[in-house]
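What follows is each chain in one-letter form.
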Amino acid sequence: LQPVLELESGSNDPMAYVITIVLIQCAQQLFEPASGIDIDYTRMIGNALLTFFLQLGIGAIVGVGLGKAFAWALGKLQLYAIFVLSVGFFIYSVTGLVYGNGFLAIYLAGVIIGNKTMPHKREIFRFSDTVTWLMQMGMFLTLGLLVNPKEMLSVAPVALLIGLFLTFVGRPLAVFISLLPFRDLSFRARVFISWVGLKGATPIIFAIFTVVAGIPGSGQIFNIVFFITMISMLFQGMSIPAVARKLNLALPQEKAPETFGIEIPEEAGKLMDHRLTESDLSSGDTLKEVALPEGTRVVMIKRDGELIVPDGSVRLKVGDKLLMIMGNQFDESE
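Keep in mind that what you see is a predicted model, and the values were worked out from it rather than measured.

Before we move on, can you summarise the overall build of the protein chain with the specific residues and values?
Scanning the protein chain from terminus to terminus reveals ten helices and four strands. Computed over the C-alpha atoms, the radius of gyration of the protein chain is 26 Å, more than 25% above the 20 Å expected from 2.2 N^0.38 for a compact globule of 334 residues. Summarising its shape, the C-alpha atoms of the protein chain cover approximately 90 × 45 × 45 Å along the three principal directions. Residues counted as buried form 34% of the 334 residues belonging to the protein chain. Residue pairs in contact within the protein chain that sit at least 24 positions apart in sequence constitute 72% of those at least 6 positions apart. In the structure as shown, the protein chain presents an accessible area of about 21100 Å², 66% of it carried by carbon and sulfur atoms.

Residues and numbers for unusual backbone geometry, please.
Of note, the phi angle at Asn-248 is positive, near 60°, even though the residue is not glycine. Here Asn-248 is to be found in the loop between helix H10 (218-246) and strand S1 (270-275). On the basis of relative accessible area, Asn-248 is assigned to the exposed category, the value being 63%.

Go over the pattern of salt bridges, please, and point to the residues and values.
For the structure on display, the rule yields three salt bridges. Across the salt bridge formed by Asp-285 and Arg-315, the nearest N and O atoms sit 2.9 Å from each other. Here the residue Asp-285 occupies a position in the loop between S1 and strand S2 (296-303), and Arg-315 occupies one in the loop between strand S3 (306-308) and strand S4 (321-326), the gap between them amounting to 30 residues. On the basis of relative accessibility, which here comes to 28%, the residue Asp-285 falls in the partly exposed class. By relative accessible area, Arg-315 is classed as exposed at 52%. Of the charged contacts, one joins Asp-320 and Arg-303 as a salt bridge, the two residues approaching to 2.8 Å between their closest N and O atoms. Here Asp-320 is found in the loop between S3 and S4, whereas its partner Arg-303 is found in strand S2, with 17 residues between them in sequence. With a relative accessible area of 17%, Arg-303 lands in the buried category.

Just give me the short version of the confidence of the model for the protein chain, but keep the residues and values in it.
Here the protein chain averages 84 in pLDDT, while 90% of its residues score no lower than 70. Taken together, the stretch residues 329-334 has pLDDT below 50 and engages in six contacts with residues farther than four places along the chain or on a different chain.

Quick one: what's the story with the sheet that holds S2, residue by residue and with numbers?
Spatially, S1-S4-S2-S3 is the arrangement adopted by the four strands of the open sheet, whose pairing is antiparallel. The open sheet has two edge strands, S1 and S3, and neither has a second partner. The average undirected angle you get between the axes of adjacent strands in this sheet is 25°. Note that S1 and S4 share six bridges and pair antiparallel. By the bridge assignment, Asp-273 is partnered in S4 with Leu-323.

Basis of the calculations
Residues numbered from 1 in each chain as written. Predicted model: local features only at pLDDT ≥ 70, side-chain atom pairs only at ≥ 80, totals over all residues. Heavy atoms only, no water. Helix = DSSP H or I, 4+ residues; strand = E, 2+ residues; numbered from the N terminus. Rg over C-alpha atoms; globule rule 2.2 N^0.38 Å. Buried < 20%, exposed > 50% of the residue type's maximum accessible area, 1.4 Å probe, protein only. Contact = heavy atoms within 4.5 Å. Areas by Shrake-Rupley, 256 points an atom, 1.4 Å probe, with all protein chains shown as cover. Salt bridge = Lys/Arg side-chain N within 4 Å of Asp/Glu carboxyl O. pLDDT = per-residue confidence, 0-100. Pairing = 2+ DSSP bridges. Axes fitted to C-alpha atoms, helices over the stretch in contact; angles between N-to-C directions.

What follows is the structure in structure tokens.
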């Protein structure tokens, strides 16, 4: 379910952006004072469809093309996180210049680049996560400065009704219809997807577009969207763990291995730790006599806070913690 929800979250923004732009274009034509009653609806609908297909089509082509190109380049060059960040800005900007959907382009390019083996990948991911959190905090702070609490209260009844409809009718209906072809998904999984819907500030950002475009009633639209998003984040967001447990879909959190401060390239393998027991030493107390999973090698031994470099002569004791590297050839199912 995690990759399904991540895919939905990533693909929702490009679609929502296109729909927002199209509806703003239509609203500008409908509310244009000079238009009167002479509105060419056929032309308006044609322009909307053209914008829709150009945005998604160009965005997908540029995103996949530049994503593959930069994935190849990053795999060959010894480059660092700041360059990858610059690549993101470049892809988004170029897509916008050719009237494509920058959100879709950068999402597709990110999926392609993120799944490519490259130097310093771990550092790049760590840097990207840090930048993401900083941008989110800055974005929410900026959005909060745009809100007038009195205006929020005035739209609260309407916003609450809309939010309840979206939560208990609109989204579940859309999810169940969209997932009809995927018969392997259980009913519980569909209910969970209906409830979750990863929430963020993107709807509020798109609501600002209506304010900038000068659409009549845009201030009310912004306040309603802000109210619904905040309520959804508070109640749906905070209830996700409880709902997962109630539907018997929660998994125990994977314990991160103690790496003793050692880092290795991701392509070299996976680090894992293991504390020795009496049964581990039943056949002997040296590394060659301890039964280790196939494809693993001991990198370091930790005993009473002391780090020991492993070799054939080291005598192991119960309670020693082994830091092991698991090669890519190891099958975790064995």
